[in-house]
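Close look at the chain arrangement
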Amino acid sequence: DAGVIQSPRHEVTEMGQEVTLRCKPISGHNSLFWYRQTMMRGLELLIYFNNNVPIDDSGMPEDRFSAKMPNASFSTLKIQPSEPRDSAVYFCASSFPNSPLHFGNGTRLTVT
Amino acid sequence: AQSVTQPDIHITVSEGASLELRCNYSYGATPYLFWYVQSPGQGLQLLLKYFSGDTLVQGIKGFEAEFKRSQSSFNLRKPSVHWSDAAEYFCAVGPKTSYDKVIFGPGTSLSVIP
C-alpha cells in the first residue's frame, strides 16, 4: 500500500501564477477529498469527489480554485491566478465508503 | 451548530508521564469519532476511531480514547508518553452517513521533555 501520493511536496510561486497540485489516491478508494490547512483556520474541506464526480465544492474559496478528477487514480487542484493568501498546506485524502480518511503528506504552497 | 473543541492548544509532558488530550463536540446525534496524529511535515494518520459498542477504544501506538455520551467528550489517553509522540493531535467527528461532513478540531500540539 503506497498510500496517498501528493506532488509536489513544496511549491513556491509568484503571485498571479497558475499552480497545479496533484494527488494519486489509494487504489480502490472511491472517495477523494482536498483539504487546506492554515494556522488561522485549521483544516478546511475544499471539495469532495465520489466515484470521480464532484459532490460538494462549497468549500472552494473562490472561482480561482478548481479541481478535477479525470479518473479513479488521479486528481488535480488548480489555483489560477494564485495570491499570497493562498499560502497553506494542501492535503489530499481518500477513503472507501464509510471508512476513515487516509491522508497524503501534503503540498506546502508559498505564494510570494 | 456542529463543532469540535480541543481546549488545550499546547501541552508539554515529560517522557514516561501519562497523557490525556481533551475533546468535546457538539453534534445532533451520536457521530463517528476519530483521533488523528500529524507529525511535522506529514499528513494526518488515524490513531483510533469510535463507531459504536464499547466506549473505550484502543488505537495504534498505545493510545486509547473513551467516549462519554453524557459529557459529549472523546478524550485521548496514553499511560506513558514517548519522545516520538511529540506531534499535533486532531479530534474529529462525523455523521454515520458520509465522510464529507467530517469536522476537525483545531488540534493540540504535544511537546515531550526528555
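Quick caveat, the model's predicted, so the values are computed rather than measured.

The rules behind the values
The residue numbering used here restarts from 1 in each chain and proceeds along that chain's sequence as written. Both sets of labels track the order of writing: A upward for chains, 1 upward for ligands. Two thresholds apply to this predicted model, a pLDDT of at least 70 for residue-level local features and 80 or more for giving and counting side-chain atom pairs, whereas whole-chain, interface and lining totals are computed over all residues. The side-chain figures draw on all heavy atoms in the structure; neither hydrogens nor water molecules are used. Helix numbers and strand numbers start at the N terminus; a helix is a DSSP run of H or I with at least 4 residues, a strand a run of E with at least 2. We compute the radius of gyration over the C-alpha atoms and compare it with the globule rule, which gives 2.2 Å times the number of residues raised to the power 0.38. Any two residues whose heavy atoms approach within 4.5 Å are treated as being in contact. The set of buried Ala, Val, Leu, Ile, Met, Phe, Trp, Tyr and Cys residues whose side-chain atoms join them within 4.5 Å is what this entry labels a nonpolar core. The rule is simple: take the accessible area with a 1.4 Å probe, protein chains only, and divide by the maximum for that residue type; under 20% is buried, over 50% is exposed, in between is partly exposed. Two rings belonging to Phe, Tyr or Trp (six-membered ring only in the last case) form a pair when the distance between their centres is within 6.5 Å. Interplanar angles under 30 degrees mark stacking, angles over 60 mark edge-to-face geometry, and anything in between is tilted. Accessible area, probed at 1.4 Å, shrinks when two parts are joined; the buried area is that loss added up over both. Here, a salt bridge means any side-chain nitrogen of Lys or Arg that lies within 4 Å of a carboxyl oxygen of Asp or Glu. In this count, Pro and Cys sit with the nonpolar residues alongside Ala, Val, Leu, Ile, Met, Phe, Trp and Tyr, while Asp, Glu, Lys and Arg are called charged and the others, Gly among them, polar.

1. Considerations on the overall build of chain A
- Across its full length, chain A holds zero helices and 11 strands.
- Reading chain A from its N end, one meets helices and strands in the order β-β-β-β-β-β-β-β-β-β-β.
- In summary, chain A has a C-alpha radius of gyration of 13 Å against a globular reference of 13 Å for 112 residues, a match within 12%.
- Each of the three principal axes of chain A carries a C-alpha extent, and together these read 40 × 25 × 25 Å.

2. Brief notes about the environment of Pro8(A)
Residue and element names in this part refer to chain A.
- With respect to the helices, strands and loops of the structure, Pro 8 is situated in the loop between strand E1 (5–7) and strand E2 (10–13).
- Here the alpha-carbon distance between Pro 8 and Asn 50, two residues 42 residues apart in the chain, equals 24 Å.
- In contact with Pro 8, other than residues within four places in its own chain, are Thr 20, Gly 106 and Thr 107.

3. Concerning the nonpolar core
- The biggest cluster of nonpolar side chains holds 27 residues, and the ones touching the most others in it are Leu19(B), Trp35(B), Leu47(B), Leu48(B), Phe74(B), Leu76(B) and Tyr89(B).
- When residues of this core are traced back to their parent elements, those giving at least two are strand E2 (10–14), strand E3 (19–21), strand E5 (32–38), strand E6 (44–50), strand E8 (64–68), strand E9 (73–78), strand E10 (87–94) and strand E12 (108–113) of chain B.
- Top contributing element to this core by residue count: E10(B), with four residues.
- Ignoring anything within four residues of it in the chain, the contact list for Leu47(B) reads Trp35(B), Tyr36(B), Val37(B), Gly59(B), Ile60(B), Lys61(B), Phe63(B), Leu76(B) and Tyr89(B).
- Core analysis: the second largest hydrophobic core is formed by 21 residues, Val4(A), Ile47(A), Phe49(A) and Met69(A) among them.

4. Here's the deal with the packing of aromatic side chains
- Per the stated rule, a full pass over the model turns up 14 aromatic pairs over all chains.
- Where Phe103(A) meets Tyr36(B), the ring centres are 5.7 Å apart and the plane angle is 80°; that geometry is what we call edge-to-face. Highlighted residues: Phe103(A) in strand E10 (residues 102–103) and Tyr36(B) in strand E5, drawn from two different chains.
- Owing to a relative accessible area of 10%, Phe103(A) belongs among the buried residues under this scheme.
- On the basis of relative accessible area, Tyr36(B) is assigned to the buried category, the value being 2%.
- With centroids separated by 6.4 Å and ring planes inclined at 25°, the aromatic side chains of Tyr25(B) and Phe67(B) adopt a geometry described as stacked. Note that Tyr25(B) is positioned in strand E4 (residues 24–26) and Phe67(B) in strand E8, a separation of 42 residues in sequence. A single burial state applies to Tyr25(B) and to Phe67(B), both of which are buried.
- Through a chain of ring-to-ring contacts, the aromatic side chains of Phe33(A), Tyr35(A), Tyr48(A), Phe91(A), Phe103(A), Tyr32(B), Phe34(B), Tyr36(B), Phe51(B) and Phe104(B) assemble into a single cluster.

5. Examining the interface of chain B and chain A
- Counting residues at the interface gives 18 residues for chain B and 16 residues for chain A.
- Here chain B and chain A share an interface that buries about 1400 Å² over both sides, 57% of which is from carbon and sulfur atoms.
- Between chain B and chain A we count zero salt bridges in total.
- Elements with a minimum of two residues in the side of chain B that touches chain A: E5 and E6 of chain B.
- Grouping the constituent residues of the side of chain B that touches chain A by class yields nine nonpolar, five polar and four charged.

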